[in-house]
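Close look at the chain arrangement
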Amino acid sequence: MSERLAARFAALRAQNRAALIAYVMADDPNPDVSLDILRALPQAGADIIELGFPFTDPMADGPSIQRAGLRSLKAGGSLKRTLALLAKFREEDQATPVILMGYANPIEQMGYADFAAAAKFAGADGLIAVDIPPEEDSPLRAALQNENIALIRMATPTTDAARLPKILEGASGFVYYVSVTGVTGAKAIGPAAAREAVQRIKRATDLPVAVGFGVRDAESARAIAEVADAVVVGSAFVDEIAKAVDADRIQDAPQNVAHKVKLLADAVHGAARTAQQESARA
Amino acid sequence: MPDDLRTWRNLPDENGRFGEFGGRYVAETLMPLVHDLERAYREAKASNEFRAELDAFLRDYVGRPSPLYFAERLTAHYGGAKIYFKREELNHTGAHKINNCLGQILLAMRMGKTRIIAETGAGQHGVATATVCARFGLPCTVFMGAVDIERQKPNVFRMRLLGAEVRPVTSGAATLKDAMNEALRDWVTNVENTFYIIGTVAGPHPYPELVRDFQSVIGHEARAQHIEKEGKLPDAVIACVGGGSNAIGLFHPFLQDESVAIYGVEAAGRGIDDRFEHSAAIGGGRPGVLHGNRTYLLQNEDGQILEGHSISAGLDYPGVGPEHAYLHSIGRATYLSATDDEALAAFQLCGQLEGILPALESAHALARVGDVAKQLGAGKSIILNLSGRGDKDIFTVADALGTTLA
């Protein structure tokens, strides 16, 4: 997997703290402001960035990220432009791992090998392809492996003991636990159930486990960060961009997002973690 | 080719593939559900009891078998091969959609599901789903684009009369593809109790297979009826293709009959060109991934899905079933197209010569049947799937013809 991603998780483990993974959509609300937002994320405490690339038909996303995608597309957003944005971000930041997140078809149209090469060149460390499950991801995985880009697989509340090994076999980077049955940002997480699921996954893999889809506030972020290696927050940040757009104050979006990121980063980083997280499986 | 011939009827393979098309491109949350559905479907398919129950409802509730009718005056009009209509428009609810809905709701109940969801564009699949939900007493939520709700008010009212909740979809472009996105979002949210009745041969495996199987009653009946009337197989079969469920239902039982030419007719809208004011995914699209499968799609360079257009709301979908994509890729079926204007002309001609107002969807097949009949010539015969009746379309047709209805 990507060295940048491995190094970041190793450093976090050494400090015994969890990571905040901050999701934003590329080119939302426009390319310039989007770059400012990206640059603000690490400063505000985001350890890893999840960079969405837009798709017209985001079947797994709730209203917040759906609208972010539409804003991006309206501003000329595309997979190519997402990679260009990332390349610009990399001019100033070579340390923060960036995971691309989106849907199959833009990748299909670019072609797996071309996508993997372009993503590597832009400075991507991983990919989450929401609608490419393990049954369908072998050719993509092979192309990404050639470029040392992690293909992040997802586990969910519908993942039973029989399916989990299939997901973990061939997983790289980290395991993304989708903590609710539903779309992004719609249901609130049940921290107790999520913590139990994280522990179940950690017993079966040495990979870091991130939790996302239902984390919106500091309290739930802290509860998850006590057991998980990373907490993913997306809709709560994207909503800050939407508010700035609605208020006709696009220029405020970077600082508003940064403020929210800081709140959640403080909660995640301050979580009281039990020791020896990493030695779950000797 | 002979090797392909032997395998055609065994498709899709265990991964839900028709050649390079099909598959299961859904979020991980749904994967265990589509695997469950596949297991349940295999069991049902092997069950005599399930088959008998479905057959009884198809006979007594839907009114099957539907007749195979010799369209004598249309045949004389074109002066070529004999044209037969498979009269799916005579089914309960006025179209072929009910065949699939009955099959799926019986499967849903077998799986212990207690809530039904569906997507609809023109409203025909929504009405058919609302109908079977009323019949079996299951709550029904139909997702429909807000734009389509405006365009198809009579069908919205029909669904409500049947007790369904019609939920307006305002996301994206607020049409059929967005309704399907929203149905998938509902399914991923309500995984425990909900069964998603998909209306066409799209979606993740096993949907393209099971919808095809439930619709294949059309082709099985038509094949036997034609042999009974003519003492031989037809020389061609023809049907309109949006997602393509009525077409695959007619085509599939003829795939192994090499002498039978197969024609699908896509909606060319205002012409197949780079304005994308059409819905011809095969004729004017490229392969890609949407709604759970790989198939031909209307899309731009970046893989963003385009809306498309057709005068027929039922054909107005930017994709096509993966099995059609496959039949096209290996050349077993030929995909033609008809414009809005050609479909309108065929709609009127069929009314005037045969006393049958066809659905605008079916009118696309009618618009090409003359070409095929003339090409085949006298002494040959062709079966056209008259997949739905045109009553639902009279407002659209009136509008297109510049007539105002009260």
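Each remark here, short or long, concerns the structure printed above.
Note that the structure is predicted; figures quoted are calculated from it, not measured. (Residues numbered from 1 in each chain as written. Chains lettered and ligands numbered in written order. Predicted model: local features only at pLDDT ≥ 70, side-chain atom pairs only at ≥ 80, totals over all residues. Heavy atoms only, no water.)

Focus: helix α6 (residues 124-136) of chain B
Residue and element names in this part refer to chain B. In this model α6 runs 19 Å from its N-terminal to its C-terminal C-alpha over 13 residues, within 8% of the 18 Å that 1.5 Å per residue would give. Of all the 13 residues making up α6, 11 are buried; the element is thus mostly covered by neighbouring parts of the structure. Among the structural elements, α3 (48-62), α5 (97-110), β5 (115-120), β6 (140-145), α8 (153-161) and β8 (194-197) are those in contact with the buried residues of α6. Of the residues flanking the end of α6, it is G137, one or two places downstream, whose phi is positive at about 70 degrees. (Helix = DSSP H or I, 4+ residues; strand = E, 2+ residues; numbered from the N terminus. Expected span 1.5 Å × (residues − 1). Buried < 20%, exposed > 50% of the residue type's maximum accessible area, 1.4 Å probe, protein only. Contact = heavy atoms within 4.5 Å.)

What about the sheet that holds strand β12 (residues 292-297) of chain B?
Residues and elements named next belong to chain B. A sheet is described by the order of its strands in space; here 4 strands give the open sequence β1-β2-β12-β11, paired in antiparallel fashion. In this open sheet, the two strands that pair with only one neighbour each are β1 (17-18) and β11 (286-290). For β11 and β12, the ladder comprises 5 bridges, and the chain directions are antiparallel. Paired with R286 across the strands is L297, a residue of β12. (Pairing = 2+ DSSP bridges.)

Notes on the pattern of salt bridges
Residues and elements named next belong to chain B. Tallying each qualifying case throughout the model produces 51 salt bridges over all chains. With a closest N to O distance of 2.7 Å, K86 and E221 form a salt bridge. Of this pair, K86 sits in strand β4 (residues 82-87) while E221 sits in helix α11 (residues 217-230), and the two are 135 residues apart along the sequence. E221 matches K86 in its accessibility class, with the two residues each being buried. R115 is the salt-bridge partner of D186, the closest N and O atoms lying 2.8 Å from each other. Highlighted residues: D186 in helix α9 (residues 176-189) and R115 in strand β5, separated in sequence by 71 residues. (Salt bridge = Lys/Arg side-chain N within 4 Å of Asp/Glu carboxyl O.)

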